[in-house]
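Close look at the chain arrangement
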Amino acid sequence: MTLWQGRLSGGTADVVMRYSTSLHYDRRLALDDLAGSRAHVRGLGRGGLLGDAEVTELLAALDQVEAELTSDAFAFAPDDEDIHTAVERRVTELAGDVGAKLHTGRSRNDQIATDLRLYAKRELRSVAREILALQEVLLTRAKEAGDAGLPGYTHLQRAQPVLLAHHLLAHGWALARDLDRLMATVKRLDVSPLGAGALAGSSLPLDPDGVAEELGFGSRFENSLDAVSDRDFVAEALFDLALLGVHLSRMGEELVVWSTEEFGFAVLDDAFATGSSMLPQKKNPDVAELARGKSGRLIGNLTGLLATLKGLPLAYNRDLQEDKEPLFDSVDQTHLALAALAGVMTTVTFNTDRMQEAAGDSALAAVDLAEWLVQQGMPFRQAHAVVGGLVHDSIERRVPLEELVEAHPALGSEAAALLEPGVAVTRRTTPGSAGPLAVSIQLERFVHRLESDRSRIDGEQ
Ligand code: ARG
């Protein structure tokens, strides 16, 4: 039985049902749908559209439906097109005539928008919590790293030494922005669309404000057309998750590179690596590669939805049904990625000797020599040329840079001491820089950021 049997005669073609049904994925909104229905029923009661006994009866039926759904005893019917249809059908079977009043003043258009906002609010907040967990891992690893250094890279060429802690926290701050974006999205989407009806509101005494409050939304919609057609929150969520995915992809790429024989900076734990079906010696960084690969899919989910939305006239259009699968997919993939990467980062062994050795390459202190000359009064561009010339000579003539610096009239032994392994990084003292003092301050600030983000997530229930 369809919900529109009065208007259209005969049955719906089988292919139309198969093409349009969304039950196989929107059934995961069942509990949100029930929450929306409960609030709606109470609102109808407050408006005098349902008597007290009817409210009680409908709420009992909704409880029964919930029990059936959560125990997997719910019997879906072949023509349950979506979760809303399935729930209403079952409520009507259970409550008889009063069941037919459930949909009073409501449309599936405001209903699905409500369900999806409830889902997004909960899931984005839980992603934010998982981001915090990964940040905690990075923090722990950064603290453990102490004064260990490695080369910082630009263009994937060794550039300057940095502390490993600094490097790990760089990812931590990117994740802090991800968390911030998700929470801002949650705040913006915290608006109830219920009461907008199909598109124009209702002639009946509904109570959208009370319903919004009961559902825990910050406010109700301002405009019914906007309420049922707005999927900005889905697009925003998909963007937030796509960018988070890009950050995880970059972390993944780094782990791939670091765990190569050539770099040798990281050894993955066996539980977080995979083997090869043919090559007995292989240990592969598949989690890191999947974090990299799956970011493509997250980006695809975002661009797919934007393409779906771009040509839609107000208000609801069935195209909007295409919002759910990408959102569910991006959320599911992100939960997995965050958990898997937290595991990888917790268990990876950093080969700090190897990193330190690479960071000790005297050429990485070239800019320290130039800056030393600047402090002697030489203009930077000239100092850059002097040191660049020495590096060039050192390579061409195969003479250690230290010797050339020592012998240079403008430099000498005080300057040469800057090339000692481990010295350059200690000279990075500006705020936010890669040296030990700045990093210890940064660590404290990061700890505070995590604390305030945790209370932000917990506060916005
Ligand atoms: N399954 C639909 C969706 O996800 C629910 C709303 C259906 N509304 C309608 N007018 N056909 O968008």
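Quick summary incoming for the structure in this document.

The rules behind these values
Residues numbered from 1 in each chain as written. Predicted model: local features only at pLDDT ≥ 70, side-chain atom pairs only at ≥ 80, totals over all residues. Heavy atoms only, no water. Helix = DSSP H or I, 4+ residues; strand = E, 2+ residues; numbered from the N terminus. Buried < 20%, exposed > 50% of the residue type's maximum accessible area, 1.4 Å probe, protein only. Pairing = 2+ DSSP bridges. Core = buried A, V, L, I, M, F, W, Y, C linked by side-chain atoms within 4.5 Å. Contact = heavy atoms within 4.5 Å. Phe/Tyr/Trp six-rings, centres within 6.5 Å; stacked < 30°, edge-to-face > 60°. Lys NZ or Arg CZ within 6 Å of the ring centre and 35° of its normal.

Points about unusual backbone geometry
- Of note, the bond from L314 into A315 is cis; its omega dihedral lies within 30 degrees of zero at 0 degrees.
- At D72, a position not held by glycine, the phi torsion is positive, near 65 degrees.
- Among the secondary structure elements, D72 is positioned in the loop between helix 4 (52–70) and helix 5 (83–95).
- Of the residues examined, D72 reaches a relative accessible area of 66% and is grouped as exposed.
- Of note, the phi angle at R398 is positive, near 55 degrees, even though the residue is not glycine.
- The class for R398 is exposed, based on a relative accessible area of 75%.

Some remarks on the pairing of strand 2 (residues 157–163)
- For strand 1 (residues 149–154) and strand 2, the ladder comprises 6 bridges, and the chain directions are antiparallel. When the sheet's bridge partners are listed, G149 is paired in strand 2 with L163.
- Linking two consecutive strands that pair antiparallel, namely strand 1 and strand 2, is a turn of 2 residues; a positive phi of about 55 degrees is found at H155 within it.

Things to note about the nonpolar core
- With 71 residues, the main nonpolar core has W258, M345 and F350 as its most contacted residues.
- At 15 residues, the largest contribution of residues to this core is made by helix 6 (residues 108–145).
- With residues near it in sequence (within four places) discarded, W258 still touches L150, L164, H167, F263, G264, F265, A266, F350 and M355.

Notes on the packing of aromatic side chains
- This structure, assessed with the given rule, holds 7 aromatic pairs.
- Ring geometry for Y153 versus F263: centroids 5.7 Å apart, planes at 45 degrees, classification tilted. On the criterion of sequence distance, the pair formed by Y153 in strand 1 and F263 in the loop between helix 10 (232–258) and strand 5 (266–267) is long-range, its members being 110 residues apart.
- Residue class for Y153 comes out partly exposed when judged on its relative accessible area of 25%.
- Judged by relative accessible area, which is 18%, F263 ranks as buried.
- Between F263 and F265 the ring centres are 5.2 Å apart and the planes differ by 85 degrees, which places this aromatic pair in the edge-to-face class.
- Site record: aromatic cluster; members linked through ring pairs are Y153, W258, F263, F265 and F350.
- Looking at R28, its charged tip hangs above the ring of F328, at a distance of 4.5 Å from the centre.

Honestly, that's just the spatial picture; any functional story needs more than this.
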